[in-house]
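Chain and residue survey
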Amino acid sequence: KNEVEQSPQNLTAQEGEFITINCSYSVGISALHWLQQHPGGGIVSLFMLSSGKKKHGRLIATINIQEKHSSLHITASHPRDSAVYICAALNYGGSQGNLIFGKGTKLSVKP
Amino acid sequence: NAGVTQTPKFRILKIGQSMTLQCTQDMNHNYMYWYRQDPGMGLKLIYYSVGAGITDKGEVPNGYNVSRSTTEDFPLRLELAAPSQTSVYFCASSYRGWNEQFFGPGTRLTVL
């Protein structure tokens, strides 16, 4: 069983739809990252959160530490949101650390 | 600012050859990281550095070496290339440890 699992693996939506991508983890974490990988391969960091909720534009990330679950929401989706969305669980203590990545959710938004 | 730059963009190696993947950042970030991404798999951390002169192993360090002689540069060395090292390699940096990371464009390496 992977330590970080994402669902769904693939998601197709119509422009304007509300999108939810889920991330579950089985390890103890210090924080959780959400990243976006563009079709050309470039990777951009979206959020890092350790509790509650963060919002940036049309993107909202939430985390429930007790349930070991995080969600990424996209409101009013647009074709330019088409990308692979990746969550990563951060485990660190002192100077030692590791990021464990999910395999990603491929989102396609149709006009 | 150029951000994080990586060279080369593409490379084909023969089994047993050596090469260095270059990574440079101009944001004065203390933390730098090397990841590999295999098709259909998640990114995996190879090595990371918390500052000049300090490096540490990640999840998959075997077959690789790193050095960090300056804040800006964090090269990744493959000594004896193997087909299992065929992957896309990403370098990243962050100002504070494990916070928002800025990624380079990646190097696509094929070992035949």
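Residues numbered from 1 in each chain as written. Chains lettered and ligands numbered in written order. Predicted model: local features only at pLDDT ≥ 70, side-chain atom pairs only at ≥ 80, totals over all residues. Heavy atoms only, no water.

Observations regarding the pairing of strand β1 (residues 4-7) of chain B
Residue and element names in this part refer to chain B. Filter applied, for reference: Exposure classes here rest on a 1.4 Å probe applied to the protein chains alone. A residue is buried below 20% of its type maximum, exposed above 50%, and partly exposed in between. Numbered from the N terminus, helices here are DSSP runs of H or I no shorter than four residues, and strands are runs of E no shorter than two. Two strands are said to pair when DSSP picks up at least two bridges between them.
Covered by surrounding structure in β1 are V4 and Q6 only, the residues T5 and T7 on the alternate face being uncovered. Alignment of β1 against strand β3 (residues 19-25), held across 4 bridges, turns out to be antiparallel. Bridge pairing links Q6 to C23 in β3.

A word on the environment of Q37(B)
All names here are of chain B. For Q37, the position within the fold is in strand β4 (residues 31-37). By relative accessible area, Q37 is classed as buried at 15%. Residues Q37 and T86, 49 residues apart in the sequence, show an inter-C-alpha distance of 9.4 Å.

Focus on the sheet that holds strand β3 (residues 19-25) of chain A
All names here are of chain A. Which entries qualify depends on this criterion: Every axis corresponds to a line fitted to the C-alpha atoms, with the helix fit spanning only the stretch in contact, and the corresponding angles, defined between N-to-C directions, vary from 0 to 180 degrees.
Across the sheet, 5 strands lie side by side as β1-β3-β8-β7-β6; this open sheet has antiparallel pairing. The sheet is open, and its two edges are formed by β1 (4-7) and β6 (52-56), each paired on a single side. When strand polarity is set aside, the average angle formed by the axes of neighbouring strands in this sheet is 15 degrees. The pairing of β1 with β3 spans 4 bridges and is classified as antiparallel. Among the inter-strand pairings, V4 is bridged to a residue of β3, identified as Y25.

Looking at the nonpolar core
Residue and element names in this part refer to chain A. For clarity, the cut-off: Note on terminology: a nonpolar core comprises buried Ala, Val, Leu, Ile, Met, Phe, Trp, Tyr and Cys residues joined through side-chain atoms within 4.5 Å. By the convention used here, residues are in contact when the closest approach between their heavy atoms is within 4.5 Å.
Counting 24 residues, the largest nonpolar core has L32 and W34 as its most contacted members. Counting residues per element, the ones that place at least two in this core are β3, β4 (31-37), β5 (43-49), β7 (59-64), β8 (69-74), β9 (83-93) and β11 (105-110). Once you skip the residues sitting within four places of it in the chain, L32 turns out to touch C23, Y25, F47, M48, L49, I63, S70, C87, A88 and A89.

Brief notes about the pattern of salt bridges
Side chains that differ in charge, positive against negative, can pair when their charged atoms come close. Residue and element names in this part refer to chain B. How we decide: What makes a salt bridge here is a side-chain nitrogen of Lys or Arg within 4 Å of a carboxyl oxygen of Asp or Glu, nothing more.
Within this structure, the stated rule accounts for 4 salt bridges over all chains. Residue D38 pairs with R36 through a salt bridge whose shortest N-O separation is 2.9 Å. When its relative accessible area of 11% is taken as the criterion, R36 is described as buried.

What about empty space enclosed by the protein?
Spelled out, the test is: Of the two site types, the cavity is a set of points on a 1 Å grid over the protein atoms alone where a 1.4 Å probe fits but cannot get out, and the pocket is an open set with protein on both sides within 12 Å along at least five of seven lines, each lined by residues with an atom within 4 Å of a point. Grid points are joined across faces, edges and corners, and a volume is the space filled by probe spheres set on the points. Ten residue types, Ala, Val, Leu, Ile, Met, Phe, Trp, Tyr, Cys and Pro, are classed as nonpolar, four, Asp, Glu, Lys and Arg, as charged, and the remainder, Gly among them, as polar.
Scanning the model with the defined rule gives 1 cavity of 30 Å³ or more in all. A volume near 30 Å³ is recorded for the largest cavity. Lining the largest cavity are H33(A), L35(A), S45(A), L99(A), F101(A), Q101(B) and F103(B). Broken down by secondary-structure element, the contributors of at least two residues to the lining of the largest cavity are β4 and β10 (96-101) of chain A. Of the residues belonging to the lining of the largest cavity, the class tally is 4 nonpolar, 3 polar and no charged.

Considerations on the pairing of β3(B)
All names here are of chain B. Here β3 shows a buried face lined by M19, L21, C23 and Q25 and an unburied face lined by T20, Q22 and T24. The pairing of β3 with strand β8 (residues 76-78) spans 3 bridges and is antiparallel. Looking at the pairing, M19 lines up with L78 of β8.

Thoughts on the side chain of S82(A)
Residue and element names in this part refer to chain A. What counts is decided by this rule: We call two N or O atoms a polar contact when they sit within 3.5 Å, provided that within protein one can donate a hydrogen and the other can accept it, with sequence-adjacent residues counted only if both atoms are side-chain atoms.
Its place among the elements puts S82 in the loop between β8 and β9. Take S82: its relative accessible area is 19%, and that puts it in the buried class. In terms of polar contacts, S82 uses its side chain to reach the backbone amide nitrogen of V109, at 2.9 Å. Beyond its immediate stretch of four places on either side in the chain, S82 contacts P39, L107, S108 and V109.

Some points on the interface of chain B and chain A
Between chain B and chain A, the contact holds 17 residues from the first and 18 residues from the second. Here chain B and chain A share 0 salt bridges between them. Taken together, chain B and chain A are joined by 1 residue pair in polar contact (both at pLDDT 80 or more). Of all the elements in the fold, those that place two or more residues in the side of chain B that touches chain A are β4 and β5 (43-51) of chain B. Ranked by the residues each element gives to the side of chain B that touches chain A, the list is headed by β5(B), at 4 residues.

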